[in-house]
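Structural overview for review
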Amino acid sequence: FYKLFVEEEAFEDVQEGETHFVNHYSNDLMSWDIGSIYKESELDSIYKTITTKTILINAVSVILLIVIVYFIIARMIKPLEIVSEIAKKVASGDLKERLNVNSQDEIGQLSVSFNGMAEGLSNTIQSVDQTVDTLNDFSVELTESVEENTQTIHQITVSMQEVAEKSKDQLD
């Protein structure tokens, strides 16, 4: 056994029906020989314990990673949900709604663009409303002018009929 111990770094030895693993290390600097002997059953027990703990740690790590990824994705999606909600309000005609810009990322840039679009739509609608008001005022003035002209034409027609009747009467 000692001969094997000194000559080999590691070997197996069976004693009383049980396998033993023997390791040997020589430290030439200090002239030491260090060795260890483990029963196969002890190594199997240690292996099973380490394997079980490793699997448990990996399972917990995967679950923790899934939870972290979920919260990261939820945090990224929340601003998009807000943009979608405000877009629906603007689409239904509420042009006073605006997005709060809290970041410089793509969502922040989208928010700035969206606010610019909503402002542009609001300005366009105000311009159209002003044009409609101006056209309405012009239409009222034109209607009044047409009515005045109609009355004037009616008076002229009545006067001409009277003149025509008087002329006819004089000719008769």
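See the structure above.
Below is a summary of the structure that appears in this document.

Definitions and limits used
- Residues numbered from 1 in each chain as written.
- Predicted model: local features only at pLDDT ≥ 70, side-chain atom pairs only at ≥ 80, totals over all residues.
- Heavy atoms only, no water.
- Helix = DSSP H or I, 4+ residues; strand = E, 2+ residues; numbered from the N terminus.
- Expected span 1.5 Å × (residues − 1).
- Bend = angle between axes of the 7 residues up to and from the residue.
- Buried < 20%, exposed > 50% of the residue type's maximum accessible area, 1.4 Å probe, protein only.
- Contact = heavy atoms within 4.5 Å.
- Pairing = 2+ DSSP bridges.
- Axes fitted to C-alpha atoms, helices over the stretch in contact; angles between N-to-C directions.

**So, helix α2 (residues 40–91)**
The α-helix winds at 3.6 residues per turn, so residues separated by three or four positions along the chain end up facing the same way. With 52 residues, α2 should cover 76 Å at 1.5 Å per step; its first-to-last C-alpha distance of 74 Å lies within 8% of that length. The largest bend in α2 comes to about 25 degrees, at I77, with the proline P79 one to four residues further on. When α2 is considered as a whole, its buried residues turn out to be V83, I86 and V90. Check the buried side of α2 and you find it contacts α3 (106–171).

**Thoughts on the pairing of strand β2 (residues 18–27)**
When a strand is regular, its side chains alternate between the sheet's two faces. Here six bridges tie strand β1 (residues 10–15) to β2, and the two strands are oriented antiparallel to one another. Residue pairing for β2: V14 is matched across the bridge by T19. Two successive antiparallel strands, β1 and β2, enclose a turn made up of two residues, where E16 displays a positive phi of approximately 55 degrees. Pairing of β2 with strand β3 (residues 32–39) involves eight bridges; the strand directions are antiparallel. Note that in β3 the partner of H24 across the bridge is G35. Turn length for the β2-β3 hairpin, with the two strands adjacent in sequence and antiparallel, is four residues, and the turn residue S31 shows positive phi of about 55 degrees.

**A word on the sheet that holds β2**
With antiparallel pairing, the three strands of this open sheet are ordered in space as β1-β2-β3. The open sheet has two edge strands with one neighbour each: β1 and β3. Each neighbouring strand pair of the sheet contributes to a mean axis angle of 25 degrees, computed without reference to strand direction. Across the sheet, α2 is in contact with β2 and β3; its angle to β3 comes to roughly 80 degrees.

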